[in-house]
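Coordinate inspection notes
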Amino acid sequence: MSRVMTFGNILDEVEKLPLEDQDMFREILTKRVIERRRNQLADEIREARAEYNSGECQPVSVDDLMNEITS
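What you see is a predicted model, and the numbers here were worked out from it, not measured in a lab. (Residues numbered from 1 in each chain as written. Predicted model: local features only at pLDDT ≥ 70, side-chain atom pairs only at ≥ 80, totals over all residues. Heavy atoms only, no water.)

**Notes on the pattern of salt bridges**
Counted only if it meets this: A pair is scored as a salt bridge if a Lys or Arg side-chain nitrogen falls within 4 Å of a carboxyl oxygen belonging to Asp or Glu. Numbering of helices and strands starts at the N terminus; helices are DSSP runs of H or I of at least 4 residues and strands are runs of E of at least 2. Exposure classes here rest on a 1.4 Å probe applied to the protein chains alone. A residue is buried below 20% of its type maximum, exposed above 50%, and partly exposed in between.
A full pass over the atoms with the stated rule returns four salt bridges. The salt bridge partner of aspartate 23 is arginine 26, with a shortest N-O separation of 3.8 Å. Of the two residues, aspartate 23 and arginine 26 are both situated in helix 2 (residues 19-53); the distance of three residues between them amounts to about one turn of the helix. We note a salt bridge from aspartate 43 to arginine 46, for which the minimum N-O separation is 2.5 Å. Of the two residues, aspartate 43 and arginine 46 are both situated in helix 2; the distance of three residues between them amounts to about one turn of the helix. Aspartate 43 gets classed as partly exposed once you look at its relative accessible area, which sits at 42%.

**Notes on the environment of proline 59**
Structurally, proline 59 is set in the loop between helix 2 and helix 3 (62-70). Using a relative accessible area of 60% as the deciding quantity, one classes proline 59 as exposed. Placed 39 residues apart in sequence, proline 59 and glutamate 20 show a C-alpha to C-alpha distance of 51 Å.

**Comments concerning a nonpolar patch on the surface**
Put simply, the test is: Two joining distances apply to patches: 9 Å for like charges and 5 Å for nonpolar side chains (Val, Leu, Ile, Met, Phe, Trp, Tyr), and every residue must have over 30% relative accessible area and no salt bridge. Method for areas: the Shrake-Rupley scheme with a 1.4 Å probe, in which residue coverage is limited to the protein chains shown.
Judged by side-chain polarity, Met5, Ile10, Leu17, Phe25, Leu29 and Val33 come together as a nonpolar surface patch covering roughly 450 Å² of accessible area. By secondary structure assignment, the location of valine 33 is in helix 2. Using a relative accessible area of 33% as the deciding quantity, one classes valine 33 as partly exposed.

Here's what the structure looks like:
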């Protein structure tokens, strides 16, 4: 039977670790979050390129984009 841990439970468990282990946990978590964000960005870039290559979107000037945003 698996046990579901809440965010608070996880924080409580991490606080029980020695400081050195807490630092290691933080470093590992930070690196994993960076890697996930990098992968997410790469996926978004691939999707945008595919949309552009299929003609779903067109290049626009900065002025046109700003006009569209502000109107």
